[in-house]
Amino acid sequence: QVQFVESGGGLVQPGGSLRLSCAASGITFSISTMGWYRQAPGKQREWVAAVNIGGSTSYVDSVKGRFTISRDNAKNTVYLQMNSLKPEDTAVYYCNERRLGRLPSWGQGTQVTVSS
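The numbering scheme is per chain: residues are counted from 1 as the chain's sequence reads. This being a predicted model, a pLDDT of at least 70 is required before a residue's local features are given, and a value of 80 or more before pairs of side-chain atoms are given or counted; all residues contribute to the totals for chains, interfaces and linings. Excluding hydrogens and water, the side-chain figures rest on all heavy atoms present in the structure.

Draft legend 1. Local environment of unusual backbone geometry. Positive phi, close to 50°, is recorded for Asn 76, a residue that is not glycine. Any residue under 20% of the maximum accessible area for its type is buried, any over 50% is exposed, and the rest in between are partly exposed; the area is computed with a 1.4 Å probe on protein chains only. Looking at Asn 76, the relative accessible area reads 27%, which means it is partly exposed. In the Ramachandran plot, Ser 84 falls in the positive-phi region, its phi being about 50° despite a non-glycine side chain. Mapped onto the elements, Ser 84 comes out in the loop between β8 (77-82) and β9 (91-97). Secondary structure elements follow DSSP: runs of H or I no shorter than four residues count as helices, runs of E no shorter than two count as strands, and numbering proceeds from the N terminus.

Right under this line is the structure:
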């Protein structure tokens, strides 16, 4: 059974930082391109960042230069370091595979709120 457990969210002031973690199970993590996604209130879920099996990364334009995705294959865990946070980054953040086709079931996500 595939499971993603996200953690590390919280309330932070604009300009602050958070580090999200996602522990994955039930997938062959080491050969999966992993991604972070987010869903803001009233909006569709959007892709944010991805890291492939070679460690190459990609980002949506709105977070380039501020967010860094990384992975630890030994721990089946993917991370998202978020710096210079803005109110528009407020959303529930999820991890999942980054590939074509139907994705595994989503986890519960972790809430990130950027507000003064």
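Read on for the rest.
Draft legend 2. Up close: the nonpolar core. Here, nonpolar core means buried Ala, Val, Leu, Ile, Met, Phe, Trp, Tyr and Cys residues that are tied together by side-chain atoms lying within 4.5 Å of each other. Trp 36, Phe 67, Ile 69, Val 78, Leu 80, Met 82 and Tyr 93 are the most contacted members of the largest nonpolar core, which totals 31 residues. Breaking this core down by element, the ones donating at least two residues are β3 (18-25), β4 (34-39), β5 (46-51), β7 (67-72), β8, β9 and β10 (110-114). It is β5 that contributes the most residues to this core, five residues altogether.

Draft legend 3. Local environment of the sheet that holds strand β1 (residues 3-7). When DSSP finds two or more bridges between a pair of strands, those strands are recorded as paired. With respect to topology, four strands assemble into an open sheet ordered β1-β3-β8-β7, the strand pairing being antiparallel. For this open sheet the edge positions go to β1 and β7, each flanked by a neighbour on one side alone. Across this sheet, the average inter-strand angle for adjacent strands is 15°, counted without regard to direction. In this structure, β3 lies alongside β8, joined through six bridges in antiparallel fashion. Counted as the bridge partner of Leu 20 is Leu 80 from β8. Between N-to-C directions, angles span 0 to 180 degrees; the directions come from axes that are lines fitted to C-alpha atoms, helices contributing only their stretch in contact.

Draft legend 4. Local environment of the pattern of salt bridges. We define a salt bridge as a contact between a side-chain nitrogen of Lys or Arg and a carboxyl oxygen of Asp or Glu at a distance within 4 Å. Enumeration according to the criterion identifies five salt bridges in this entry. Notably, a salt bridge pairs Asp 89 with Arg 38, separated by 3.0 Å at the nearest N-O pair. In this pair, Asp 89 sits in the loop between β8 and β9 while Arg 38 sits in strand β4, placing the two residues 51 residues apart along the sequence. On the basis of relative accessibility, which here comes to 1%, the residue Asp 89 falls in the buried class. For the salt bridge of Arg 99 with Glu 97, the shortest nitrogen-to-oxygen distance reads 3.5 Å. You can call Glu 97 buried: its relative accessible area is 10%. Connected through salt bridges with shared partners, the residues Arg 38, Glu 46, Arg 66 and Asp 89 form a single ionic network.

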